[in-house]
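# Results of the structural survey
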Amino acid sequence: MKYIDEYRDRELVSRLVSEIQKVSRKDIALMEVCGGHTMAIQKFGIPFLLPPTIHLLSGPGCPVCVSSRKYIDQAIAYSRLDDVIITTFGDLIRVPGSTSSFEKEIAAGADVRIVFSILDALKIATENPENRVVFLGIGFETTAPGSAAGVLNAAKQGLTNFFLFSSHKIMQPAMEALIDEGVKIDGYIAPGHVSTITGTGIYKDIPAKFGLGCVITGFEPVDLLHSILMLTRQVEDNKPEVAIQYKRAVKPEGNLKAKKMLDEVFDLRDDWWRGLGILKKSGLVLREKYSRFDAEKMIDVEVEETREDKGCICGEILKGLKKPGDCKLFAKACTPSDPFGACMVSNEGACHAYYKYNRDG
Amino acid sequence: MDKKILLGHGSGGKLTHNLIENLFVRHFHNPVLADQTDSALLSLDTTNVAFTTDSFVVDPLFFPGGNIGKLAIAGTVNDLAVSGAKPLYLSASFIIEEGYDFNDLEKIVQSMAEEAKKAGVQIVTGDTKVVNKGKCDKIFITTTGLGTLSSQLKHISTADKVKRGDKIIINGTIGDHGMAVLAAREFLNLKSDITSDCACLNHLINKALNVSAQIHFMRDATRGGVATVLTELAEITGMGIEIDEQQIPVNENVRGMCELLGYDPLYVANEGKVIMVVASEDTDQVLKAMNNNKLGSNSSVIGEIVDEHPGRAWIKTTIGGKRILDMLAGEQLPRIC
Ligand code: SF4
């Protein structure tokens, strides 16, 4: 635990905090793009330590939250087919679809299995040749290489009963779209895990085009405060740039092998984001060469009409325009045990994080 | 050949009779049980009794620091003890899956007997049922407990006397039981040296009650962990609670495993931890009394009752930040006790 304690040291934290207090003059808003950051910020009570000049906003980096309800509906429709086994990470189980959820479908007899990696899904496909096995691929550049590796593996094994249902997205179009929409922020606390894959390249236009700094940040309190300090300095000095705070994990060029694999397997397509609508070239779809593994192309299914919940303002929250507390349903009709929107279900969702750690905030 | 539990052991016939005689009566031996009356006949010298029951389905049955039998005794004894009661009598009911290993059953019964002896309680009645293979998972145990309660201690369960400035005490490290059980599950393939804290706390609690008449609340922090007890306390008293994460003892290996698996020790189950709320002026003597006992040697003050944010528990985080402490929402570790 030594490794972690270093990044949770009370003294180091208080040094960083007083440095931030010294540097900060302007009123600024920084956006933590990644849901993992939102969680850590709230869990460690970081807002309490910051001067009133610094505001933190959570952004569109919770994959389950930005994915469309139609995606959930379609996945549920697959699960209702007799020969289909759904394989998924655990956090999708309780996400509400238009009229159902996996939790309800499981109770009604659907075969939905929680896996820890796509390789488990491949194994299930091998062991159940009579069934079609669908893996729900969700997430940004962090999880997409895993799905790519899974598909390559399936091709190598010659599997014919394995399918990927991709909701994979890439981060940078959303970060640019937000600003185009007029969201007012002064810098990005840029995602740590995504950047280990992508490197700094995806952010390179943001400082010049929008005048915003991007600091790639780790997930411990010292990381977050260090990055807040770096961004505050950038704003005060009016020198926005891309920088890496999370040097122990992120290289400027990223992970070349993973990037190559992504490119081999996926093509870009226009994709829908909650709160942002359709963003050009922001989603990942299997290339023609691998389309035999594409659930959307290979499995015919009728999907119910999508119904979004009235009153849920997840979209506004994902853009940083509103905070969970601004939602009338927050902590009243909508709670983690009885969620309205995906933002209340996912462990990376802003509503979930605020409910758990900052309910009155 | 290994001896197995057969359906006949629960039939009420000869096999049942043998099982009761050779296993339960032999290990639990006490005069009330030996009489083998239909009901245990007890005489109590008070009109105030505390009465509680709990079922145990822990998986796996054996884990570092204990097994389902020890847990079934400690769990019920502790429920009585934290109410301020003196635990006296228990019942024990077993639901056993056909084919379960007799020697393992005997080990479980033995630990129950040992634990009951340590706690000074008697197992005076019980029942055994055997179900077909596959109809239950090896063995489930239900224990019910009876204790006497002094009328001056009724406020301990209701928290009526909790007031501003009272200190919150815990008798040692948190999260050990939950993580020990989890690590013992085969599929995780984890090697750990975490030991469950499973233990009867009645003697320790008695020591504390002997030195202070101002223990205002007690509860054992089992499922849902310390966080759940504190949020409940804030809710029932309508008062604010503030605790300091840095003061909460956590074993290094428990912290490591929680970090690895994404658990927060504050929410992980304990089976030998009591949270006490004590008047500020009595804190030192209570701590001293507890520190002298093996089960309380790591006792410390972790927080206090405050005026601010009524009805809510707040935590000062390890780095000095602040946030609310909430009950567990959604996922929990199933079959941890
Ligand atoms: S509190 Fe619930 S309903 Fe409101 S925005 Fe969040 S998820 Fe949607």
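In this text the structure is predicted, and so the values were computed from the model without any measurement. (Residues numbered from 1 in each chain as written. Chains lettered and ligands numbered in written order. Predicted model: local features only at pLDDT ≥ 70, side-chain atom pairs only at ≥ 80, totals over all residues. Heavy atoms only, no water.)

## Examining the pattern of salt bridges
Pairing between side chains of opposite charge can happen when their charged atoms approach one another. As a reminder, the rule being used: The salt bridge criterion pairs a side-chain nitrogen of Lys or Arg with a carboxyl oxygen of Asp or Glu, the two atoms within 4 Å. The buried label applies to any residue whose accessible area, calculated with a 1.4 Å probe on protein chains only, is under 20% of its type's maximum; exposed applies above 50%, and partly exposed to all values in between.
Summed over the entire model, instances satisfying the criterion amount to 36 salt bridges over all chains. For Arg94(A), the salt bridge goes to Glu103(A), with nearest N and O atoms at 3.5 Å. Note on Glu103(A): relative accessible area 43%, which makes it partly exposed. Taken together, the salt bridges that share partners define one network made up of Arg8(A), Glu220(A) and Glu259(B).

## Considerations on the site of the ligand
This is how it is decided: Nearness is defined per residue: one heavy atom within 4 Å of the molecule or strand is enough. Each residue is assigned to one class: nonpolar for Ala, Val, Leu, Ile, Met, Phe, Trp, Tyr, Cys and Pro, charged for Asp, Glu, Lys and Arg, and polar for all the others, Gly among them.
Near the ligand you find Cys312(A), Ile313(A), Cys314(A), Ile317(A), Cys327(A), Leu329(A), Phe330(A), Cys334(A), Phe340(A), Gly341(A), Met344(A) and Cys351(A), and these make up its full shell. By residue class, the composition of the shell around the ligand is 11 nonpolar, one polar and no charged.

## Observations regarding the domain arrangement of chain B
Residue and element names in this part refer to chain B. What counts, and what does not: Either an automatic procedure or a domain database provided the assignment from which the domain bounds are taken. Here, two residues are considered to be in contact whenever any of their heavy atoms come within 4.5 Å of each other. Two parts placed together each lose some accessible area; with a 1.4 Å probe, that loss summed over both constitutes the buried area. Here a polar contact means two N or O atoms within 3.5 Å. Within protein one must be a hydrogen donor candidate and the other an acceptor candidate, and residues neighboring in sequence count only if both atoms are side-chain atoms. We count a stretch as a helix when DSSP gives it H or I for four or more residues in a row; a strand needs E for two or more, and each element gets its number in order from the N terminus.
According to the domain assignment, chain B consists of domain 1 (7-153) and domain 2 (155-325). A straight line from the C-alpha centre of domain 1 to that of domain 2 covers 27 Å. With 25 residues of domain 1 at the interface, the matching set in domain 2 holds 24 residues. On the domain 1 side of the interface with domain 2, the three residues burying the most area are Asn78, Val82 and Leu153, jointly 29% of the side's total. At the surface where domain 1 touches domain 2, the tally comes to zero salt bridges. Linking domain 1 with domain 2 are 12 residue pairs in polar contact (both at pLDDT 80 or more). Mapped onto the side of domain 1 that touches domain 2, the elements with two or more residues apiece are α3 (68-81) and α4 (102-119). With nine residues, α3 is the largest single contributor of residues to the side of domain 1 that touches domain 2. The residue makeup of the side of domain 1 that touches domain 2, split by class, is 13 nonpolar, seven polar and five charged.

## Examining the packing of aromatic side chains
Residues and elements named next belong to chain A. Test applied: Stacked, tilted and edge-to-face are the three classes applied to pairs of Phe, Tyr and Trp rings, where Trp contributes its six-membered ring and a pair requires centres within 6.5 Å; stacked means planes under 30 degrees apart, edge-to-face means over 60, and tilted covers the rest.
Counted according to the given criterion, the structure contains eight aromatic pairs over all chains. Their ring planes at 15° and their centres at 5.8 Å tell us that phenylalanine 140 and tryptophan 273 sit as a pair that is stacked. Note that phenylalanine 140 is positioned in the loop between β5 (132-137) and α8 (144-157) and tryptophan 273 in strand β10 (residues 266-273), a separation of 133 residues in sequence. For the pair formed by phenylalanine 140 and tryptophan 273, the shared burial category is buried. For the ring pair phenylalanine 219 and tyrosine 246, a centre distance of 6.1 Å and an interplane angle of 80° mean the geometry is edge-to-face. Of this pair, phenylalanine 219 sits in the loop between β8 (213-216) and α12 (221-237) while tyrosine 246 sits in the loop between β9 (242-244) and α13 (256-265), and the two are 27 residues apart along the sequence. Here phenylalanine 219 falls in the buried class, since its relative accessible area comes to 15%.

## Some details on the interface of chain A and chain B
Counting residues at the interface gives 22 residues for chain A, matched by 21 residues for chain B. In total, chain A and chain B occlude about 2100 Å² of area from one another, counting both sides; carbon and sulfur atoms represent 51% of this. Put simply, chain A and chain B have three salt bridges between them. Close ionic contact of Arg10(A) with Asp244(B) constitutes a salt bridge, the shortest N to O distance being 3.0 Å. Our count for the contact surface shared by chain A and chain B stands at 10 residue pairs in polar contact (both at pLDDT 80 or more). Of all elements in the fold, only α1 (2-5), α2 (10-23), α3 (35-43) and α17 (350-357) of chain A reach the threshold of two or more residues within the side of chain A that touches chain B. Counted by class, the side of chain A that touches chain B contains 11 nonpolar, four polar and seven charged residues.

## Looking at the pairing of strand β9 (residues 240-244) of chain B
Taken residue by residue, a regular strand's side chains alternate between the two faces of the sheet. Residue and element names in this part refer to chain B. The line we're drawing: Pairing between strands is defined by DSSP: at least two bridges between the two strands are required.
Of all the five residues making up β9, four are buried; the element is thus mostly covered by neighbouring parts of the structure. Here four bridges tie β9 to strand β11 (residues 300-306), and the two strands are oriented antiparallel to one another. Note on β11: the bridge partner recorded for isoleucine 241 is isoleucine 305. Where β9 meets strand β12 (residues 313-316), four bridges bridge the pair, whose relative direction is parallel. Its bridge partner lying in β12, aspartate 244 is registered against lysine 316.

## Here we look at the sheet that holds strand β6 (residues 162-166) of chain A
Residues and elements named next belong to chain A. We apply this condition: Helix axes are fitted only over the stretch in contact, all axes being lines through C-alpha atoms; the angle between N-to-C directions runs from 0 to 180 degrees.
Strand order in the open sheet formed by four strands is β4-β3-β5-β6, and the pairing between neighbours is parallel. Two strands lie at the open edges of the sheet, namely β4 (112-114) and β6, each paired on one side alone. Averaged over all neighbouring strand pairs, the angle between strand axes comes to 25°, with direction disregarded.

## Notes on α12(A)
Spelled out, the test is: Take the number of residues in a helix, subtract one, and multiply by 1.5 Å to get its expected span.
Its 17 residues give α12(A) an end-to-end C-alpha distance of 24 Å, which sits within 8% of 24 Å, the value for a rise of 1.5 Å per residue. Burial runs high along α12(A): 14 of the 17 residues are buried.

## Thoughts on the packing of helix α7 (residues 118-127) of chain A against α8(A)
Residues and elements named next belong to chain A. For clarity, the threshold we go by: Note that the term roughly parallel is reserved for angles under 35 degrees, roughly antiparallel for angles over 145, roughly perpendicular for angles of 65 to 115, and oblique for everything else. Each crossing is labelled by how the near helix is turned from the far one, with a counterclockwise turn of less than a right angle marking it left-handed and a clockwise turn marking it right-handed.
Viewed as axis vectors pointing N to C, α7 and α8 meet at an angle of 25°, and their least axial separation amounts to 9 Å. On the basis of the axis angle, α7 is roughly parallel to α8. Crossing of α7 against α8: the hand is right-handed. From α7, Ile118, Leu119, Leu122 and Thr126 reach across to α8, where they touch Gly146, Ser147, Gly150, Asn153, Ala154 and Gln157. Partitioned by chemical class, the residues of the contact of α7 with α8 number four nonpolar, six polar and no charged.

## Section: the sheet that holds strand β7 (residues 167-170) of chain B
Residues and elements named next belong to chain B. Strand order across the open sheet formed by seven strands is β8-β10-β7-β11-β9-β12-β13, with mixed pairing between neighbours. The open sheet has two edge strands with one neighbour each: β8 (215-220) and β13 (322-325). Ignoring strand direction, the axes of neighbouring strands in this sheet form an average angle of 25°. In terms of strand pairing, β8 meets strand β10 (residues 274-278) through five bridges, oriented antiparallel. Residue pairing for β10: phenylalanine 217 is matched across the bridge by valine 277.

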